[in-house]
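What follows is the residue order along each chain.
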Amino acid sequence: MRAIVCAAWGGPETLQHREIADPVAREGEVVIRIHAAGVNFPDVLIIQKKYQVQPILPFTPGAEVAGEIEAVGDGVTDFKIGDRVLALCSTGGFAEKIALNAHLCVPIPDHVPYDVAAGFILAFGTSHHALIDRGGVKQGDTVLVLGAAGGVGLAAVEIAKARGAKVIAAASSDAKLVICRERGADATINYSTEDLRAAIKTHTEGRGPDVIFDPVGGRFAEPAFRSIAWRGRYLVIGFADGEIPSLPLNLPLLKGAAVVGVFWGEFARREPGNQIAMMQDLFAMLQNGQIRPLISKAYPLAETAQALQDMADRKVTGKIVVVP
């Protein structure tokens with residue numbers, strides 16, 4: 001089969017497009033013929049040895065896939081050949097096929113196309129876990145979403161709106177903010193041209209947001225936190241800006257606020273029952289039209305390096321996928 005191989009640590013340009021052996025379903029595993037693979041910022045980090053998970057070289061990047069089961073190993077009873085599934089795989093997704101433990105697979109409802117499914121589990125799973133489980137977002141809350149035009153950002157905008165929150169979307173260009181408004185944002189901030197704290201104050205009438213969803217980090221973290229409401233929750237999602245910010249600990253004290261870590265992958269591993277319930281809720285929201293995942297571009301497998309470079313350059317809105 002064809003696959004993208006990381007044989008040495010480095011940027012997207014170092015990746016290789018190779019023929020490698022087809023995977024085999026061992027006991028408890030299934031082989032999935034991949035129809036689409038989601039592209040995520042951790043994929044950019046993992047090939048540079050900058051992510052929490054550091055696989056042994058060589059490996060195939062790609063953390064989430066959607067496809068059709070092609071083979072079933074001994075002991076697998078929940079799936080059969082031909083079933084449509086999505087899965088979080090950490091690595092191995094940018095290929096034509098993958099072998100995975102069957103318990104990592106989630107059935108795809110008939111109405112959900114493969115590209116949407118491939119870009120669904122990580123972005124919407126992360127945002128749902130962050131906002132609902134860790135942030136306790138409820139009707140009437142005000143939620144500020146930083147990096148709102150990216151995959152997890154747009155997912156957060158839609159999920160927060162579905163829960164009855166007022167959503168303020170912040171992004172780096174007016175074009176990106178148009179997409180945020182189309183996805184339900186009540187107010188927008190261009191933090192490339194506006195003063196972030198002043199804009200937050202205006203949009204919240206001086207009260208500040210109840211929840212801040214931050215997948216960006218960097219220079220906007222501290223001014224955003226300084227604007228948070230009393231008893232606010234600051235959700236630490238990731239650091240797409242490349243800089244892990246330092247936060248003076250007197251700030252949570254003064255606002256009675258919480259800094260809340262969000263590591264959805266570990267949540268899914270440690271709490272599989274809660275993860276399944278979360279996915280069921282997300283699929284119900286999808287079927288009801290409360291969320292509408294935006295797949296902005298599909299890249300052929302041979303152009304995976306370009307997909308990752310576009311992700312690294314922050315040129316992506318919504319989700320992008322690789323199609324073998």
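Our subject is the structure listed above.
This one's a predicted model, so the numbers in the text were calculated from it and none came from an experiment.

Cut-off values and rules
- Residues numbered from 1 in each chain as written.
- Predicted model: local features only at pLDDT ≥ 70, side-chain atom pairs only at ≥ 80, totals over all residues.
- Heavy atoms only, no water.
- Helix = DSSP H or I, 4+ residues; strand = E, 2+ residues; numbered from the N terminus.
- Contact = heavy atoms within 4.5 Å.
- Phe/Tyr/Trp six-rings, centres within 6.5 Å; stacked < 30°, edge-to-face > 60°.
- Lys NZ or Arg CZ within 6 Å of the ring centre and 35° of its normal.
- Axes fitted to C-alpha atoms, helices over the stretch in contact; angles between N-to-C directions.
- Parallel < 35°, antiparallel > 145°, perpendicular 65-115°, else oblique.
- Nonpolar A, V, L, I, M, F, W, Y, C, P; charged D, E, K, R; others polar.
- 1 Å grid on protein atoms, 1.4 Å probe; cavity = no way out; pocket = protein on both sides within 12 Å on 5 of 7 lines; lining within 4 Å.
- Points joined across faces, edges and corners; volume = space filled by probe spheres on them.
- Buried < 20%, exposed > 50% of the residue type's maximum accessible area, 1.4 Å probe, protein only.
- Arc of directions from axis to C-beta.
- Core = buried A, V, L, I, M, F, W, Y, C linked by side-chain atoms within 4.5 Å.
- Pairing = 2+ DSSP bridges.
- Expected span 1.5 Å × (residues − 1).

(A) Seen up close, the environment of H111. Tracing the backbone through its elements, the reader meets H111 in the loop between β7 (105–107) and α2 (114–118). Spatially, the C-alpha atoms of H111 and F213 are 30 Å apart, while their sequence positions differ by 102 residues. The residues contacting H111, other than those within four sequence positions of it, are L286 and Q287.

(B) View of the packing of aromatic side chains. This structure, assessed with the given rule, holds five aromatic pairs. Between Y191 and F220, the aromatic rings sit 4.3 Å apart at their centres with planes inclined by 25 degrees, giving stacked as the arrangement. Here the residue Y191 occupies a position in the loop between β10 (187–190) and α6 (196–203), and F220 occupies one in the loop between β11 (211–214) and α7 (221–226), the gap between them amounting to 29 residues. Three or more aromatic residues link up through ring pairs in this structure, and these residues are F120, F124 and F283. Sitting above the plane of the Y114 ring, R84 keeps its charged end 4.6 Å from the centroid.

(C) Looking closely at the packing of helix α3 (residues 121–134) against helix α10 (residues 272–287). Two numbers describe how α3 lies on α10: the axes approach to 10 Å, and their chain directions differ by 105 degrees. Here α10 runs roughly perpendicular to α3, going by the angle between their axes. On α10, the residues that touch I121, F124, G125, H128 and H129 of α3 are Q275, M278, M279, D281, L282 and M285. Considering only residue class, the contact of α3 with α10 consists of six nonpolar, four polar and one charged.

(D) Molecular detail of empty space enclosed by the protein. The full count for this structure, using the stated rule, is one cavity of 30 Å³ or more. Volume-wise, the largest cavity comes out at about 70 Å³. Along the walls of the largest cavity sit 13 residues, with F124, G151, L154, P293 and L294 positioned nearest its centre. At the level of secondary structure, the elements contributing two or more residues to the lining of the largest cavity comprise α3 and α4 (151–162). When residues in the lining of the largest cavity are grouped by element, the largest group, four residues, is from α4.

(E) Structural context of the layout of surface pockets. In this model, the second largest pocket occupies a volume close to 210 Å³. For the lining of the second largest pocket, the secondary structure elements donating two or more residues are α7 and β12 (233–236). Per element, the largest residue contribution to the lining of the second largest pocket is three residues, and it comes from α7.

(F) Seen up close, helix α5 (residues 174–182). Among the residues of α5, K176, L177, I179 and C180 are the ones counted as buried. The arc that holds the buried residues of α5, viewed along the axis, is 155 degrees, so those residues lie on one side. Away from its buried face, by an angle of more than 90 degrees, α5 presents the exposed residues D174, A175 and E182. Structurally, α5 contributes buried residues whose contacts are with α4, β9 (166–171) and β10.

(G) Here's a closer look at the nonpolar core. Counting 55 residues, the largest nonpolar core has L131, F213, L235 and L282 as its most contacted members. Tallying contributions element by element places α4 first for this core, with seven residues. Once residues within four sequence positions are removed from consideration, L235 is found in contact with A130, L131, R134, G135, V211, I212, F213, D214, V260 and V262. Listed in part, the 32 residues of the second largest apolar core include I4, I69, C89 and A307.

(H) Seen up close, the sheet that holds strand β8 (residues 142–145). Spatially, the six strands line up as an open sheet ordered β10-β9-β8-β11-β12-β13, and their pairing is parallel. Each end of this open sheet is capped by a strand with a single partner; those strands are β10 and β13 (258–261). Averaged over all pairs of adjacent strands, the angle between their axes in this sheet comes to 20 degrees, without regard to strand direction. By the bridge criterion, four bridges tie β12 to β13 in an arrangement that is parallel. Counted as the bridge partner of L235 is V260 from β13. In the packing of α6 onto the sheet, the strands contacted are β8, β9 and β10, and the crossing angle to β10 comes to about 170 degrees.

(I) Here's a closer look at α10. The end-to-end C-alpha distance of α10 is 22 Å, a good match for the 22 Å that 16 residues give at a rise of 1.5 Å each. Here α10 has its buried residues at Q275, M278, M279, L282, F283, M285 and L286. Projection of α10 onto a plane perpendicular to its axis shows the buried side chains occupying an angular sector of 155 degrees, all on one side. Exposed side chains of α10 directed beyond 90 degrees from the buried face belong to G273, Q280 and Q287. Considering only its buried residues, α10 is in contact with β5 (84–88), β7, α3, α4 and α9 (264–270). Just past α10, the residue G289 takes up positive phi, approximately 80 degrees.

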